[in-house]
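Listed below, chain by chain, are the residues.
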Amino acid sequence: MGDAVKSELNIRAPYLRLIEDGVKTVEVRVGYPSMRRIRAGQELTFVSGDERVPTRVTRVTEYPSFEAMLDQEDPRSIGGDLGEDREELLRVIRGIYPPEKERLGVLAIGIEVLR
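Residues numbered from 1 in each chain as written. Predicted model: local features only at pLDDT ≥ 70, side-chain atom pairs only at ≥ 80, totals over all residues. Heavy atoms only, no water.

A. Structural context of the overall build of the protein chain. Check the secondary structure of the protein chain and you find six helices and five strands. In the protein chain, the succession of helices and strands from N to C terminus is β-α-β-α-β-β-α-α-α-α-β. Along the first, second and third principal axes, the C-alpha atoms of the protein chain reach 40 × 25 × 25 Å. Taken over 115 residues, the protein chain has a buried fraction of 42%. Split by element, the accessible area of the protein chain, about 6400 Å² in all, is 48% carbon and sulfur. (Helix = DSSP H or I, 4+ residues; strand = E, 2+ residues; numbered from the N terminus. Buried < 20%, exposed > 50% of the residue type's maximum accessible area, 1.4 Å probe, protein only. Areas by Shrake-Rupley, 256 points an atom, 1.4 Å probe, with all protein chains shown as cover.)

Now the structure itself:
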């Protein structure tokens with residue numbers, strides 16, 4: 001793989017399963033410096049407990065807010081069935097990231113599972 005950076009990201013188990021099943025193709029993170037180093041083509045391994053799912057980053061798109069992101073991204077690709085209710089998905093994401101974190105910028109990281 002050349003000099004591609006390998007990284008691991010912790011994720012909650014239900015979301016790990018959605019990635020594994022190919023339903024969740026967009027991971028949402030906020031603009032921490034470590035997240036801003038993620039690039040298309042990079043391998044990312046999502047980890048929950050003992051489970052690991054290797055993926056490749058297809059793109060990284062930045063938005064000013066979670067709402068702006070949901071205006072552009074497919075909510076189902078972020079939260080599976082949860083994505084059918086935009087307000088509920090927004091509530092869940094904001095439960096993970098409070099407003100001061102959202103202000104760092106919102107990153108939509110496109111991923112594909114490596115088989």
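B. Representation of the nonpolar core. Membership of the largest hydrophobic core comes to 15 residues, with the highest contact counts inside it found for Leu9, Ile11, Ile19, Ile38, Leu44, Phe46 and Ile109. Those elements that provide at least two residues to this core are helix 1 (13-20), strand 3 (43-48), strand 4 (51-63) and strand 5 (106-113). In contact with leucine 44, other than residues within four places in its own chain, are Ser7, Leu9, Ile38, Val53, Pro54, Thr55, Val57 and Ile109. Counting residues in hydrophobic clusters, the runner-up holds 14 residues, among them Val28, Met69, Leu89 and Tyr97. (Core = buried A, V, L, I, M, F, W, Y, C linked by side-chain atoms within 4.5 Å. Contact = heavy atoms within 4.5 Å.)

C. Structural view of the side chain of glutamate 27. When you line up the elements, glutamate 27 lands in strand 2 (residues 26-30). Among the polar contacts listed, one links the side chain of glutamate 27 to the side chain of arginine 29, at a separation of 2.7 Å. The contacts of glutamate 27, once residues within four sequence positions are left out, are Ile11, Phe46, Leu107, Ala108 and Ile109. (Polar contact = N/O pair within 3.5 Å; in protein donor to acceptor, adjacent residues only side chain to side chain.)

D. Representation of the packing of aromatic side chains within the structure. Counted under the stated rule, the structure contains one aromatic pair. Consider the rings of phenylalanine 66 and tyrosine 97, whose centres lie 6.2 Å apart with planes at 25°: the pair is stacked. One end of the pair, phenylalanine 66, is in helix 3 (residues 66-72); the other, tyrosine 97, is in the loop between helix 5 (86-96) and helix 6 (99-102), with 31 residues separating them in the sequence. On the basis of relative accessibility, which here comes to 11%, the residue tyrosine 97 falls in the buried class. (Phe/Tyr/Trp six-rings, centres within 6.5 Å; stacked < 30°, edge-to-face > 60°.)

E. Molecular detail of the pairing of strand 3. Here strand 3 lies mainly inside the structure; six of its six residues are buried. Across six bridges, strand 3 lies against strand 4 in antiparallel orientation. Within strand 4, the position partnered with threonine 45 by the bridge is proline 54. Hairpin connection of strand 3 to strand 4: two residues between the antiparallel strands, including glycine 49 at a positive phi of 60°. (Pairing = 2+ DSSP bridges.)

F. Geometry of the environment of proline 54. Tracing the backbone through its elements, the reader meets proline 54 in strand 4. On the basis of relative accessibility, which here comes to 34%, the residue proline 54 falls in the partly exposed class. Aside from chain neighbours lying at most four places away, what touches proline 54 is Leu44, Thr45, Glu112, Val113 and Leu114.

G. Focus on the environment of aspartate 85. Along the polypeptide, aspartate 85 turns up in the loop between helix 4 (75-79) and helix 5. The spatial distance from the C-alpha of aspartate 85 to the C-alpha of proline 75 is 8.4 Å, given a sequence separation of 10 residues.

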